[in-house]
Amino acid sequence: MSRFARHLGNQDGPHNPFPGLQALERRLGHALPHRIGSNEGLDMPHRALTARFGEDVAELARTYGDAEAWQVRRRLAESLELPMEALLVDAGADSLMALALRALCEPGDTVLTSAGTYPTWSYFVQGHGCRQLEVAYTSRADLLAPDLDALAAEANRESARVVYLANPDNPSGHLHADAEVLALRDALPHDCTLVLDEAYHDFRDDAASPAANAIWPGVIRLRTFSKAHGLAGLRVGYAIATPETHAMLLKVRIHYAVSSLALAAAETVLAHPDETREHVTAVISRREALSTWLRERGGDVLPSTTNFVALRLSDAERASAIHRQLLAEGTLIHRPAHPALGHLLRISALDEALVPGRLETLASALRNGE
Ligand SMILES: Cc1ncc(COP(=O)(O)O)c(C=O)c1O
């Protein structure tokens, strides 16, 4: 059986009716400076927008973006040492998850994940009418991690069409080695796809190495510009997969989902990798400082390969009390809503978290064993 939704696998198309002006220019091999066919509002003066954001933003706002995200994919292909055909750009990792589900699953299909992982996935699975199954995390001293053996066993028992794994994981921060992820992929049913959410990939030590960015058949690797690149508000992400997989995703992709401004911003940050590297280094050093600070106060801090720290409390009531108390003080940290992981508190590794006194309520609760 095909790994894609039957109505897509069994036909040629659907074909995107609007691949866009830039794609047409590339196909023709020359520019089209006289644009009087695309109904975009190119003559809008944009005095207010220009006054607020400058002429560049006004100019980008007037036009549809490049549906093929050519320049972003070209830069990514260069830096990741991948062919452009292995890269698909969309409006963030969230959007790519929804896209993968549309291409892979029909309502009623079984989809599997870890109980308490990044919840947007389950939200989309339910919205798509799929049958959602979860397995518990592995939990022991110094470790809270998605249980790959349990995922493989359950996927086979229940004939899952898709398994979702966040690696590094949110909210635990755990990173499975690539060999473990590939062993999971190999243990899945042959028509089951692994959706591998790598939103925090850039915080891995080996993030830039070609081996960490390879095309893995049977796997759709999702990345984002929201974390290490600081573009969460602009919505850009990309997927690494085989060209055949991307051909199926492109059948159901919303072609102008990524705005021209978002594409231009992504191109700009990719052109300045030193700034991203500098930011990642600073985040990691803050994360380690925050982890040490919490450990010194008795906190059970989980190892993290992300831009946050997860703190494990003895029970959900205790975590909830601290969470509520901090909220009352005007400080927002995160407590997962899923009952399986309600005993965690997740704190972003920002300077704000290290401001003296900011997390004193948490520190004193830890000291007092409350
Ligand atoms: C595991 C994971 N995936 C995806 C996202 C969202 O990424 P994006 O902003 O690209 O949609 C997040 C954000 O917190 C996340 O933690």
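Looking at an unreviewed UniProt entry, the chain carries the name histidinol-phosphate transaminase, with the source organism given as Salinicola acroporae. Here the chain is described in UniProt, under the heading Pathway (unreviewed entry), as follows: "Amino-acid biosynthesis; L-histidine biosynthesis; L-histidine from 5-phospho-alpha-D-ribose 1-diphosphate: step 7/9." Per its UniProt entry, the chain bears the Catalytic activity (unreviewed entry) comment "L-histidinol phosphate + 2-oxoglutarate = 3-(imidazol-4-yl)-2-oxopropyl phosphate + L-glutamate".

(A) Main features of the nonpolar core. Counting residues in hydrophobic clusters, the biggest one holds 27 residues, and the most contacted among them are L104, V111, W121, V195 and I220. For this core, the secondary structure elements donating two or more residues are helix 6 (92-104), helix 7 (120-127), strand 6 (162-166), strand 8 (219-224) and helix 10 (243-251). With seven residues, the single largest contributor to this core is helix 6. In contact with L104, other than residues within four places in its own chain, are R3, F4, A5, D109, R161, V162, T193, V195 and I220. Counting residues in each nonpolar core, the second largest holds 22 residues, with L87, L231, A262 and A266 among its members.

(B) Fine view of the pattern of salt bridges. Going through the model one piece at a time under the given rule, you end up with 23 salt bridges. Put simply, E352 and R358 hold a salt bridge, and the shortest N to O gap is 2.6 Å. Residue class for E352 comes out partly exposed when judged on its relative accessible area of 44%. Taking the shortest distance from any N to any O, the salt bridge between R367 and E360 comes out at 2.7 Å. When its relative accessible area of 49% is taken as the criterion, R367 is described as partly exposed. Taking the relative accessible area as the measure of exposure, E360 reaches 33% and is therefore partly exposed. Within the structure, one salt-bridge network assembled from shared partners comprises R26, D66 and E68.

(C) Expanded view of the environment of Q325. Structurally, Q325 is set in helix 13 (residues 316-328). A relative accessible area of 44% means that Q325 is categorised as partly exposed. Along the backbone, Q325 and L362 are 37 residues apart, and their C-alpha atoms lie at a distance of 8.8 Å.

(D) Spotlight on the side chain of H174. Turning to its location among the elements, H174 is positioned in the loop between strand 6 and helix 9 (178-187). Residue H174 is classed as buried on the basis of its relative accessible area, which comes to 17%. If near-sequence neighbours (up to four positions away) are discounted, H174 is found in contact with L143, L144, A145, N167, P168, D169 and P303.

(E) Expanded view of the sheet that holds strand 3 (residues 131-135). With mixed pairing, seven strands are arranged side by side in an open sheet as 1-9-8-7-6-2-3. Two strands lie at the open edges of the sheet, namely strand 1 (87-90) and strand 3, each paired on one side alone. The average undirected angle you get between the axes of adjacent strands in this sheet is 20 degrees. As judged from the four bridges shared by strand 7 (residues 193-197) and strand 8, these two strands associate in the parallel manner. Bridging across to strand 8, L196 finds its partner in R221. Running at roughly 155 degrees to strand 7, helix 9 makes contact with strand 6, strand 7 and strand 8 of the sheet.

Calculation criteria
Residues numbered from 1 in each chain as written. Predicted model: local features only at pLDDT ≥ 70, side-chain atom pairs only at ≥ 80, totals over all residues. Heavy atoms only, no water. UniProt positions renumbered as here; feature names shortened; annotations may be inferred. Core = buried A, V, L, I, M, F, W, Y, C linked by side-chain atoms within 4.5 Å. Buried < 20%, exposed > 50% of the residue type's maximum accessible area, 1.4 Å probe, protein only. Helix = DSSP H or I, 4+ residues; strand = E, 2+ residues; numbered from the N terminus. Contact = heavy atoms within 4.5 Å. Salt bridge = Lys/Arg side-chain N within 4 Å of Asp/Glu carboxyl O. Pairing = 2+ DSSP bridges. Axes fitted to C-alpha atoms, helices over the stretch in contact; angles between N-to-C directions.

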